[in-house]
Each structure stands twice: as structure tokens, then as C-alpha cells.
Amino acid sequence: MSSNGATVHTTDHLSMIHLRAGGVSLLLDLDDDRLPQVVHWGADLGELDDDGARAARDVARLQPVGNPVDGAMRVSVVPEQSAGWLGTPGLAGSRAGTDFSPSFRVHRAALEDAPAGWLHRVVVEAADPVAGLGLVVEIEQSAAGVVRQRARVVSTVQPAAGRDPYTVDRLLVAYPVPGRAAELLDFTGHHMRERSPQRSPFGHGTHLRESRRGRTGYDAAFVLAAGTPGFAHRAGEVWAVHTAWSGNHVSLAERSYHGVGLLAGGEVLLPGEITLDAGETYASPWVYGTYGTGLDEVSARFHATVRARPRHPASPRKVVVNTWEAVYFDHDLERLTALARAAARVGAERFVLDDGWFGARRDDRRALGDWFVSPDVWPDGLGPLVDVVHGLGMEFGLWVEPEMVNEDSDLARAHPEWIMGPVASAPDAPGRLPRPARNQQVLDLGNPDAAAWLLDRLDTLLTETPVAYLKWDHNRDLVEAGHRATGRPGVHDQTVATYALLDELRRRHPGVEIESCSSGGGRVDLEILERTDRVWGSDCIDAVERQQIQGWTNLLVPYELVGAHVGAPVSHTTDRDLPLAFRAATSLFGHFGIEWDLTRASEEELAELGAWVDLYKELRGLLHTGTVVHADVVDPAYALHGVVAPDRSDAVFAWVATASSASYPVPTVTLPGLDPDGVYRLRPLGPTGPVPGIASRWGIEVPWWTPDGLEVPGVALARVGVALPVLFPERSVLLRATRVR
Ligand code: DGJ
């Protein structure tokens, strides 16, 4: 029996759609022509016949006690008060105060061809003729069992009808979760410490996470998960959503005393930001959701879905050397040539010239917007450096921050009207600007002239310079960001225009890879990843911090899309002094790169780094296609995470100590994800042989921790567990498990 399928059940009074894929079922009820209500979103239900589908719905119907309105309460994917839901409405808006409460009736629900990378697609079309509104709900399911939903609202009034435009205040799409999902996990963070997890009980009320920064944000919810109490990497049921939007957005978890809980997401719209005239449409962001036993299964489904995107990078992820922490703004051909030589020597494959190459940009106070090679520091253009880089067999990459402008720039002086601000401006009354951030303002891409100029400038740059890779930065929040031509808010337009700019540049330069950077990891979401090839995880490349930043970013984004650089021995952002083995082993779990002035590294360091680069090149095929696993280690000082090949024939694990432990030695740890019926050779893994733990320094070995390791039945690794070395704090060791039979 296939575990993937889409079935439409239709009887006299029942119309239900059952989507199944990758171990996840989504059972939708469209009874009474109302918007689809999710009967079940979670573990696969197997094949249901019409009676079974109907019974599954009927048996779960709640007793309508305590209802403030008569009849059953229906909570659809766009919840409506007209259907009895008194929580946060899916669609909020009005025509100058009227038509404030829609009541949609479905007139078409159909399975359609799914887009590339997706397995099933359902489209539901509904209308409220009295309010003059149409609503289209799109629901797609990937082969791995991720669902994504979005809604579009259209004003269907006749232009001549004299009705006010419809102002959209909010359009959310929702996923229901059962009562046993009583605990929440989501994320917060700040510059240098993105994606910090936080847990809370999921009680009655609304857990509201709004991001009003005009970018995804360090402190975005990122993934909002609800699960059975104590859910962990390998245990508990988990339902998780991700609002895929790079501008203002919201994710919320809401539970009412009526026995209904839901997770929802959408865009945060500023006052009057979306006003629909007759025939105009507004589309919500996609909200992704999936279910799993433990967070590892949730990740596996997200990763497989992201990897199925048609533009997912298929080639090995090249070793990057980025110049930022190596030279900052000190651009000098001789210095950068020496860096490029050292980069090539350790095996780098791509050399990325960061901030400082253009206009008068000698520090971070000026010249953003002046995207012309600086004649001061590059009198002969970038050509000589590009030739060196190419001559060393590396690709050339370049940093840009296209959406931004310094007030001290030629661009701002020529076009002050292109800067975003809160009030309408005129030449004789320019109006106030938002407070600067990192000395910069935002270029208004909702202004067609500004957008066209920027597209042309970037296009010319990519045409004139052989750039294989763009690091696309975005270093400030959008504060009071409006169109100064009209005085209206402009964050939505800015987000959409940025997507359009990226799409058009990619169309014109399909071979160029793009990295999404935003003062580190401030723009990490699945919509920016629809048009970029990796994200920069954080401006903090201290390996201790990166263990958690990369680890939690990886809950949603596979390692091959998360930049992970080996920094200098003493971290520039935390002052921690960490050995190369720990820094490099941490960067293995990502898209490996180097951000360190290698001209100052010793011969020994260069040799060791070269060995780590070789190891990365050997392992990247596994690390970038495999399944990510974590052991639920009880000891807070230690973590064990790894990547297992899809056929479970091979695996790499990292055993990491971030602090000292109360246990000495630590108890055994089971290795997740391996085949219990197989036999594995388990051995320490290092670039130049086994890396010792603390005990071996004193001659007290872990008995099996030898270069050849031990052959062990998979069942023992999974159920008995493994004794692992006691480590110094802020150290790690690697293990490899290779199936021998
Ligand atoms: C912020 C980025 O995150 C850094 O990596 C670097 O590119 C700087 N901007 C350059 O200004």
C-alpha cells in the first residue's frame, strides 16, 4: 500500500480531502461549502475510505458546550467568526469600517498539478458576495510530509459600484494542533546570538511573536513548535510551523477554552499598507508546517523538502574564504593577494571580497549605494585581484548591500527622495528621516525608479566583473519605513521588490550563487531561500556559540545552506581562545569556510587547517545529503549530534562539551539513526588520526577509542550506548560509524 496519496471523498453531505506523504496525513473537511477545516494534521492515517474519513471527522467533533454561539464551531485554515471561531480571525480588514466580518462559501475545491518539488496541491476558491471578497486557499504537500499553505484575498466589487477599497489588516493561515501539544518551543536572539531556543507552556491565550524589523529578524520565532510535554530531539510528538517571509511577519500559537489549539502565521501589515481596489489581490506568505516524532523527524522533513527545490545546489559546496574578519576595510591588493595564496594553499575553492571595495567606503559610515569600484583602493579595478584568485584555481565572490544607502553617499545626494521615511516629502519640505542604524538608511525599492536603477547597477556589475558569488547583506532594521513620495508605509512593497530584484538578477545571471546575510543571521527564512543559495548563520564565528546557532538554524535549514566559517584562534566577537580542532569540527556541520587572516597563521596551523579542509571535502557528500540526528543527552554540558547517510551505511557524529560536567566520566550515550540490524565499525575521526579526549592525555583510555575502533552491532549502538571520552570544556571529538555488514 502506498504511503503517499491524495484522495477526495465525496458523498451527499461530505466532501473531504486526504493528503498523505512521507508519514504525514492532512485530512481536510469542506462540509457545508465552508472553508477547509483540518480534521487531522499529524501521523499518517493510512488509506481511508469514504466512511472512514467521515467517521474520523465525526468521532473527533467536540461537544458544543460553552459555545457563545449556537451550533458547531468551525475553525478553518483561515478562521472566521462567522463560522463560530472567536479567537484571532484569519482575515481582518474592512471597507472603511464595513464588511469587517467575512463569511466565505467555497465554490471550487480541486486537486491540481503540484509545482516542482511538491507532491500534492489543493486549491480552494471561495467567495463572500456581500462583502465583495474572494478568497483562494492554496495547500501543498511535499513528498517528505511538509505542508505549506497560503491565502489570497481579492476585492471582487465592480469598479463602478462606488464601494470603498478593502483594507487588509491581517491575513493568517492556521494549522490546528491537538490538546496533548501542551508545550511550545520557539526562538529569539540578537546580533551574534541568533536562534536561541525558548520554551513555554501552551495554555489558553495567545503566544504572539511579531517581527516588525522589515527583515526576518534575529529574534524571529523562526520555527514555532508545539509538542507533547518534554518533547525532545528523539521523543514526543511535535507540530511545527515556519512563516516564510523576509519582512514584517507574525507567528502565533493560540488555544481557547473551547478545546481548540492552533499555530498560525502571516505578514504584519502596517496601517493602510494594503488597500485593495476593485480586482486587486493580496497574498499572504507561505506558512510551512510539519509533524514528527521528536525534533529530528521534523528537521528531516523540512530538510528533504528544501532539498527537493528545483534550484537546490546540486554541486559540492565549495570551501569559502571570506575576507571580512581577515582584513575588514583594509583593502590592499598586496595584502589580499597574500591572503588568496594562503587560501589556495589550504584548499579553498572560493574567495569572497567583503565590504570596502566601492566608492568612498573606507569605513562603515559612508558610500553604501555607490556600487562602483573604488579608484582609491582599486586603481586598476578588481581585475588584478580577480586574476590572482582565478590563477589560484578559486572562484571570485563579492559583497554587496543593495537595499541600503548611506546619507553620506553620491547616491543619496543625487536622489534623496529614494530614501525610505515616515512622512511625505517634497523638495522644499523633505520631512524627517528615520533614525539611522549603522549610519545607514534604506533605499525605497517600492519606488520604480530606484528599483530600476539598482537592477541596472547590479546587472552591470555582474556583467563587467566575473563574479560567481554574491554575498548579499542587509544591515539594518526597517524603522518607520515608508514611501516618501506618498507618506504611506512601504515594508510590504520593499519585501516584494527585494524578491523581484533577486529573481530578475538570477534570471539574468543564473550561474551566480547568492548568500543571504543580514548583519549575520538576520534574514534566514524559506522565502529568501527560494532565491538564494545559502544563509550566513551569524556574525559570531566563535565555535562555542556556533554550536547552538548552527544547530538550531539546522532545525529548518539543511547544513549545506548555512555558512560556517573557521575564525581566528581568538574570536573577534567573544574573545574566546579556541583550538583549531574545535573551530574546524564545528564548521564541518555547515557550508565550510574560513574567515581568518591566514597570512598570520603558523605553518602548523596552515597544515592542520588544510587537513580539515580535506576532511570536509571527503565528508561533504554525506553531510549535505544525510539525515541530521541528535542524542537526547541528559547532561547539560555535553551534546551529541551527527549526520547519517540516507541508506544508513555511514555516519559522522560530533561529541561536544560546552562546559564541565558534574559526571566524571559521563554515562554512555546511544547513537541515533543507525540501522539496528547492521554492524558498524565505530572509530574516532580526525583530520590527522584520532583526536584525543582529556582522559587519553592522562593515559586513561576509553577502551574502544583506538584508531581502528571496534565493530559493533547497530542494535548495541542504539540500545546499549557508547562510552565517550571525557572532554575539556569547549572541545569536541568526531566519530565515524561505517556499516561493515
Ligand atoms: C555584516 C556581515 O554579517 C559581515 O559578515 C560583514 O559582511 C559586514 N556586514 C560588512 O559590513
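Note that the structure is predicted; figures quoted are calculated from it, not measured.

For the rest of this paragraph, the subject is the overall build of the protein. Assigned secondary structure in the protein consists of 13 helices and 38 strands. By principal-axis analysis of the C-alpha atoms, the protein measures approximately 75 × 75 × 40 Å. Evaluated residue by residue, the protein yields a buried proportion of 59% over its 741 residues. Long-range contacts, defined here as pairs at least 24 residues apart, represent 70% of the contacts in the protein between residues at least 6 apart. For the protein, the exposed surface amounts to about 27200 Å²; the carbon and sulfur share of it is 53%. One finds the centroid of the 69 positive side-chain charges in the protein at a distance of 2 Å from the centroid of its 97 negative side-chain charges.

A few words on the side chain of Arg34. Note that Arg34 resides in the loop between β3 (24–29) and β4 (37–43). Within the local environment of Arg34, its side chain forms a polar contact with the side chain of Ser82, the two groups lying 3.3 Å apart. Not counting residues up to four positions away in its chain, the partners in contact with Arg34 are Arg74, Glu80, Ser82, Ala83, Ser103, Phe104, Arg105 and Val106.

Another point: a nonpolar patch on the surface. There is a patch of nonpolar side chains on the surface, built from Tyr664, Trp698 and Ile700 and spanning about 410 Å² of accessible area. Residue placement: Ile700 occurs in the loop between α12 (694–697) and β37 (710–713). Under the relative-accessibility criterion, Ile700 is labelled exposed at 54%.

Let us now look at helix α2 (residues 294–307). Compared with the 20 Å implied by 1.5 Å per residue over 14 residues, the 20 Å span of α2 between its first and last C-alpha is a close match. Of all 14 residues in α2, ten are buried; the element is thus mostly enclosed. Taken residue by residue, α2 has Gly294, Leu295, Asp296, Val298, Ser299, Arg301, Phe302, His303, Thr305 and Val306 as its buried positions. In this fold, the buried residues of α2 make contact with β3, β11 (183–190), β15 (237–244), β20 (286–293), α9 (543–553) and β33 (627–630).

On to the sheet that holds strand β35 (residues 650–657). Overall, antiparallel pairing links the six strands, which are arranged β33-β34-β35-β38-β36-β37 in an open sheet. Lying at the two open borders of the sheet, with one neighbouring strand each, are β33 and β37. Across the sheet, the axes of successive neighbouring strands diverge by a mean angle of 25°, strand direction being ignored. Inspection of the sheet shows strand β36 (residues 679–685) paired to β37 by four bridges, in the antiparallel sense. Bridging across to β37, Leu682 finds its partner in Leu710.

It is the contact of helix α4 (residues 333–345) with helix α5 (residues 383–391), at a shortest axis distance of 10 Å, that shows an interaxial angle of 15°. As far as their axial angle goes, α5 and α4 are roughly parallel. As for how α4 packs across α5, the hand of that crossing is right-handed. Residues Leu333, Leu336, Thr337 and Ala340 of α4 touch α5, and the partners they reach there are Pro384, Leu385, Val388 and Val389.

Next up on the list: the sheet that holds strand β26 (residues 469–472). Strands sit in the order β21-β22-β23-β26-β29-β30-β31-β32 around a closed barrel of eight strands; the barrel is parallel. In this sheet, neighbouring strand axes are inclined to one another by 30° on average, regardless of whether the strands run parallel or antiparallel. Note that strand β21 (residues 320–322) and strand β22 (residues 350–353) share three bridges and pair parallel. Bridge pairing in β22 places Val321 opposite Phe351.

This part takes up the site of the ligand. Among the 13 residues in the neighbourhood of the ligand, the closest are listed as Asp354, Asp355, Lys471, Asp473 and Asp539. Contacts to the ligand include Asp354, whose side-chain N or O atom sits 2.7 Å from an oxygen atom. Between Lys471 and the ligand, the recorded distance is 2.7 Å, taken from a side-chain N or O atom to an oxygen atom. With the chains in place, 98% of the 290 Å² that the ligand exposes on its own is no longer accessible. Its residues assigned to classes, the shell around the ligand shows four nonpolar, three polar and six charged.

Here the focus is the pattern of salt bridges. On inspection of all chains with the given rule, the structure shows 65 salt bridges. The partner of Glu504 in a salt bridge is Arg508, with the nearest N and O atoms 2.8 Å apart. Of this pair, Glu504 and Arg508 both sit in helix α8 (residues 491–508), separated by four residues, roughly a single helical turn. Take Arg508: its relative accessible area is 36%, and that puts it in the partly exposed class. Measuring nitrogen to oxygen at the nearest pair gives 2.8 Å for the salt bridge that ties Arg736 to Asp650.

Once that is clear, we can look at the domain arrangement of the protein. Domain assignment breaks the protein into domain 1 (6–307), domain 2 (320–625) and domain 3 (628–739). If you average the C-alpha positions of domain 1 and of domain 3, the two centres end up 41 Å apart. If you look at the interface, domain 1 gives six residues, while domain 3 gives seven residues. Summing both partners gives a buried area of about 520 Å² for domain 1 against domain 3, and 49% of it is carried by carbon and sulfur. Looking only at domain 1, the three residues that lose the most surface to domain 3 are His233, Arg234 and Asp296, adding up to 75% of its buried area.

Once that is clear, we can look at the UniProt feature "active site" (unreviewed entry) in the protein. Under the local residue numbering, the UniProt record ascribes the feature "active site" (unreviewed entry) to Asp473 and Asp539. The annotated residues occupy 67 residues of the chain but converge on a single region, no pair of C-alpha atoms lying more than 11.5 Å apart. In this structure, Asp473 sits in the loop between β26 and β27 (482–483). With a relative accessible area of 6%, Asp473 lands in the buried category. If we skip the residues at most four places from it in the chain, Asp473 touches Trp399, Val400, Glu401, Pro402, Glu403, Cys517, Ser518 and Ser519. Within the structure, the side chain of Asp473 is placed 3.1 Å from the side chain of Asn475, a separation counted as a polar contact. Along the chain, Asp539 falls in the loop between β30 (534–536) and α9. Among all residues touching Asp539, those that are not within four sequence positions of it are His191, Met192, Glu194, Glu325, Ser519, Gly520 and Thr573. At 3.0 Å, the side chain of Asp539 and the side chain of His191 are in polar contact.

The rules behind these values
- Residues numbered from 1 in each chain as written.
- Predicted model: local features only at pLDDT ≥ 70, side-chain atom pairs only at ≥ 80, totals over all residues.
- Heavy atoms only, no water.
- Helix = DSSP H or I, 4+ residues; strand = E, 2+ residues; numbered from the N terminus.
- Buried < 20%, exposed > 50% of the residue type's maximum accessible area, 1.4 Å probe, protein only.
- Contact = heavy atoms within 4.5 Å.
- Areas by Shrake-Rupley, 256 points an atom, 1.4 Å probe, with all protein chains shown as cover.
- Lys, Arg positive; Asp, Glu negative; His and termini not counted.
- Charge placed at Lys NZ, Arg CZ, Asp CG, Glu CD.
- Polar contact = N/O pair within 3.5 Å; in protein donor to acceptor, adjacent residues only side chain to side chain.
- Patch = residues over 30% accessible without salt bridge, like charges linked within 9 Å, V, L, I, M, F, W, Y side chains within 5 Å.
- Salt bridge = Lys/Arg side-chain N within 4 Å of Asp/Glu carboxyl O.
- Expected span 1.5 Å × (residues − 1).
- Pairing = 2+ DSSP bridges.
- Axes fitted to C-alpha atoms, helices over the stretch in contact; angles between N-to-C directions.
- Parallel < 35°, antiparallel > 145°, perpendicular 65-115°, else oblique.
- Left-handed = near helix turned anticlockwise from the far one by under 90°.
- Near = heavy atom within 4 Å.
- Nonpolar A, V, L, I, M, F, W, Y, C, P; charged D, E, K, R; others polar.
- Domains from an automatic or database assignment.
- Buried area = accessible area lost by both parts, 1.4 Å probe.
- UniProt positions renumbered as here; feature names shortened; annotations may be inferred.

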